[in-house]
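# Geometric and topological summary
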Amino acid sequence: MSRTLHNVGFVSLGCPKALVDSEQIITRLRAEGYTIQPDYQSSDVVVINTCGFIEDAVEESLSAIGEALDENGKVIVTGCLGAKQGLVEKHFPDVLAVTGPHAADEVMQAIHEHLPPDHDPMTSLIPPGGIKLTPRHYAYLKISEGCNHRCTFCIIPALRGDLDSRPAGEVMHEAESLVQAGVRELLVISQDTSAYGVDTRYRSDFWNGRPIRTRFADLAAALGELGAWVRLHYVYPYPHVDEVIPMMAEGTILPYLDVPLQHASHDILKAMKRPANAENVLRRIESWRNVCPDITLRSTFIVGFPGETEQHFEELLDFIQVAQLDRVGAFAYSPVEGAVANELGGAVPEEIKQDRLQRFMAVQEEISAQKLAQRIGQVEDVIIDGRDEEGLVGRTRGDAPEIDGVVFIDSELNYQPGEIVKARITDSSAHDLWGTIEPNT
């Protein structure tokens, strides 16, 4: 008896947390025998996992939905923009279904309704680590959903709800499966990674028969036992974050901390409803570097927030010059529908926002160039991501995929993605490094 092949197209937009949602949906589709197609023409239905955080992301998502409807006609919308069901249906009344973020059950229900499965266990095999949309050697590990903060520029709690931490044993089981499937780098993500377990009162769970608390530092220590690189993202600087810095110094986890600070001016941080003490942050940074001199600190900032004066902006420039952060991203403030910040006075004109963004990045680029130049001559561990026409391309322990710099290695050797090599740094720019394979390693 022949089977009917059911083909699903999938478009995943937005942040790594949304990418994990996509991976979970695709894993369930493959487990039920659906085939994932890379184009509209081969698909019986198309799922669009959208982003709706800032205006540019909304426009990109709406464009993707429109394109899928034009090219295929049968479209299911999920993700953060899907939380604004009325907006999606106003633009595209012909979509088959609309769900919000982290809604795998609802997406599967919609697919079952419009494309019922024809399950065959012989063709429904999935890899041990599930279906991943990242390269085989690294994977995002989402440890919680939602957020308890009410930052005035953000609508994540409205889209994804309050903090909802996964049980520690469940997280560890997934991480262990990923490492067994060949993953060499785990990128730990959530909306607020260091708040992990607060909502459960740090409830104890079990992994491989031993107790483990649902708590940020406990989870980091356990992940460090798996033999893979462990990289921490979206770490709100609570006091207990200090507990993981010695683990970085000891090599248990990567000496890398992604701390979204957003601004440095007391007035602007207060308007954002963020912790408003730049001096305390600077003391924390100094103490982290004292414990772990090799730590790489990454952060993101917003310029042009409502009410930001030139003096406020100068305070931010002074802060980054003192902090000497290694990796920095910055964005000009963009109004987000539903955000409290939209009600604040003192909107900054667009041309001033863009001018401040350029000035900010020029200062940070100089800092980055100086810090990377200091690494020339050092021998560093580099994880190989692939190769280009000139040689190998990889990343140091201080570089996350997609958002940080890379190392270009002049070598004809046939190293595979995920292999870790020793490379001597020979040159640098404001963002990237160049090097050669260290002999006898």
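Residues numbered from 1 in each chain as written. Predicted model: local features only at pLDDT ≥ 70, side-chain atom pairs only at ≥ 80, totals over all residues. Heavy atoms only, no water.

### Some points on empty space enclosed by the protein
By the definition in use, this model includes two cavities of 30 Å³ or more. By volume, the largest cavity amounts to about 80 Å³. Taken together, Pro 237, Leu 257, Val 259, Leu 261, Val 281, Arg 284, Ile 285, Trp 288, Leu 297, Arg 298, Ser 299 and Leu 325 make up the full set of residues lining the largest cavity. At the level of elements, α10 (278-291) and β14 (296-303) are the ones that each hand at least two residues to the lining of the largest cavity. Here the element with the most residues in the lining of the largest cavity is α10; it accounts for four residues. Of the pockets and cavities examined, the second largest cavity occupies roughly 40 Å³. As for the second largest cavity, its lining consists of Ile 143, Val 188, Thr 193, Phe 216, Leu 219, Ala 220, Leu 223 and Leu 232. (1 Å grid on protein atoms, 1.4 Å probe; cavity = no way out; pocket = protein on both sides within 12 Å on 5 of 7 lines; lining within 4 Å. Points joined across faces, edges and corners; volume = space filled by probe spheres on them. Helix = DSSP H or I, 4+ residues; strand = E, 2+ residues; numbered from the N terminus.)

### Describing the side chain of Asp 21
One can find Asp 21 in helix α1 (residues 16-31). Overall, the relative accessible area of 5% leaves Asp 21 in the buried class. Side-chain polar atoms of Asp 21 contact the backbone nitrogen of His 102, separated by 3.4 Å. Every residue in contact with Asp 21, bar those within four places of it in the chain, is listed here: Asn 49, His 102, Lys 142, Glu 145 and Arg 160. (Buried < 20%, exposed > 50% of the residue type's maximum accessible area, 1.4 Å probe, protein only. Polar contact = N/O pair within 3.5 Å; in protein donor to acceptor, adjacent residues only side chain to side chain. Contact = heavy atoms within 4.5 Å.)

### Notes on a negative patch on the surface
Where like charges cluster on the molecular surface, the negative patch consists of Glu 55, Asp 56, Glu 59, Glu 60 and Glu 337. Checked against the element boundaries, Glu 59 lands in helix α2 (residues 55-71). (Patch = residues over 30% accessible without salt bridge, like charges linked within 9 Å, V, L, I, M, F, W, Y side chains within 5 Å. Areas by Shrake-Rupley, 256 points an atom, 1.4 Å probe, with all protein chains shown as cover. Salt bridge = Lys/Arg side-chain N within 4 Å of Asp/Glu carboxyl O. Lys, Arg positive; Asp, Glu negative; His and termini not counted. Charge placed at Lys NZ, Arg CZ, Asp CG, Glu CD.)

### A short note on the pairing of strand β11 (residues 210-213)
Here is the key point about a regular strand: its side chains alternate between the two faces of the sheet. The pairing of strand β10 (residues 204-207) with β11 spans four bridges and is classified as antiparallel. Within the sheet, the bridge partner assigned to Ser 204 lies in β11 and is Arg 213. (Pairing = 2+ DSSP bridges.)

### Here we look at the packing of α1 against helix α4 (residues 104-114)
How two helices pack is summed up by the angle between their axes together with the distance between the axes. Running from N to C, α1 and α4 point in directions that differ by 40 degrees, and their axes come no closer than 10 Å. As the angle between them shows, α1 and α4 are arranged oblique. The handedness of the crossing between α1 and α4 is right-handed. Residues Ile 25, Arg 28 and Leu 29 of α1 lie in contact with α4, whose contacting residues are Ala 104, Asp 105, Val 107, Met 108 and Ile 111. Considering only residue class, the contact of α1 with α4 consists of six nonpolar, no polar and two charged. (Axes fitted to C-alpha atoms, helices over the stretch in contact; angles between N-to-C directions. Parallel < 35°, antiparallel > 145°, perpendicular 65-115°, else oblique. Left-handed = near helix turned anticlockwise from the far one by under 90°. Nonpolar A, V, L, I, M, F, W, Y, C, P; charged D, E, K, R; others polar.)

### A few points about the sheet that holds strand β16 (residues 379-388)
Read around the closed barrel, the five strands follow the order β16-β17-β18-β20-β19; overall the barrel is mixed. Mean inter-strand twist for the sheet, computed between neighbouring axes without regard to direction, equals 50 degrees. Bridge count between β16 and strand β19 (residues 420-428): five bridges; the pairing is antiparallel. Bridge pairing in β19 links Val 382 to Val 421.

### Let's talk about the pattern of salt bridges
Tallied over the full model, the rule gives 29 salt bridges. Its salt-bridge partner being Asp 105, residue Arg 28 comes within 2.7 Å of it at the nearest N-O pair. Of this pair, Arg 28 sits in helix α1 while Asp 105 sits in helix α4, and the two are 77 residues apart along the sequence. When its relative accessible area of 33% is taken as the criterion, Arg 28 is described as partly exposed.

### Points about the sheet that holds strand β5 (residues 97-98)
Adjacent strands of a sheet pair through backbone hydrogen bonds, lying either parallel or antiparallel. One open sheet accounts for five strands, arranged β2-β1-β3-β4-β5; its pairing is parallel. What marks the edges here is a single partner per strand, and that holds for β2 (35-37) and β5. As paired strands, strand β1 (residues 7-12) and strand β3 (residues 45-50) are joined by five bridges and run parallel to one another. Paired with Gly 9 across the bridge in β3 is Val 46. Sheet strands touched by α1: β1, β2 and β3. Its angle to β1, the strand with the most contacts, is close to 170 degrees. Running over the sheet, α4 touches β3, β4 (75-79) and β5 and is turned about 175 degrees from β4.

### Structural notes on the nonpolar core
In terms of nonpolar packing, the biggest core is built from 60 residues, with Leu 223, Leu 232, Val 244, Leu 257 and Phe 360 touching the most fellow members. Residue contacts for Leu 223: discarding those within four places in its chain leaves Leu 141, Met 172, Ala 175, Leu 186, Val 188 and Val 230. (Core = buried A, V, L, I, M, F, W, Y, C linked by side-chain atoms within 4.5 Å.)

### Looking at the packing of aromatic side chains
Per the counting criterion, the structure on display carries six aromatic pairs. Measuring from ring centre to ring centre gives 4.9 Å for Tyr 236 and Tyr 238, while their planes differ by 40 degrees; the resulting arrangement is tilted. Look at Tyr 236 and you get buried, because its relative accessible area is 8%. Joined through ring pairs, the aromatic side chains of Phe 301, Phe 319 and Phe 360 make up one cluster. A cation over a ring is seen here: Arg 215 above Tyr 202, with NZ or CZ 5.9 Å from the ring centre. (Phe/Tyr/Trp six-rings, centres within 6.5 Å; stacked < 30°, edge-to-face > 60°. Lys NZ or Arg CZ within 6 Å of the ring centre and 35° of its normal.)

### As for the pairing of strand β15 (residues 327-332)
Judged by how many residues are buried, β15 sits mostly within the fold: five of six residues are covered. Summarising the sheet, β14 and β15 pair through six bridges and their orientation is parallel. Pairing of Val 303 across the sheet is with Ala 332, part of β15. Taking the sense of rotation as the criterion, the β-α-β connection linking β14, helix α11 (residues 310-323) and β15 turns out right-handed. (Right-handed = clockwise from strand over helix to strand, strands pointing away.)

### Overview of the packing of α11 against helix α12 (residues 350-373)
As a packed pair, α11 and α12 sit with axes 10 Å apart at the nearest point and diverge in direction by 15 degrees. When the interaxial angle is binned, α11 and α12 end up roughly parallel. Crossing angle aside, the handedness with which α11 passes α12 is right-handed. On α12, the residues that touch Glu 310, Phe 313, Glu 314, Leu 316, Leu 317, Ile 320 and Gln 321 of α11 are Arg 356, Arg 359, Phe 360, Val 363, Gln 364 and Ile 367. Grouping the amino acids of the contact of α11 with α12 by side-chain chemistry returns seven nonpolar, two polar and four charged.

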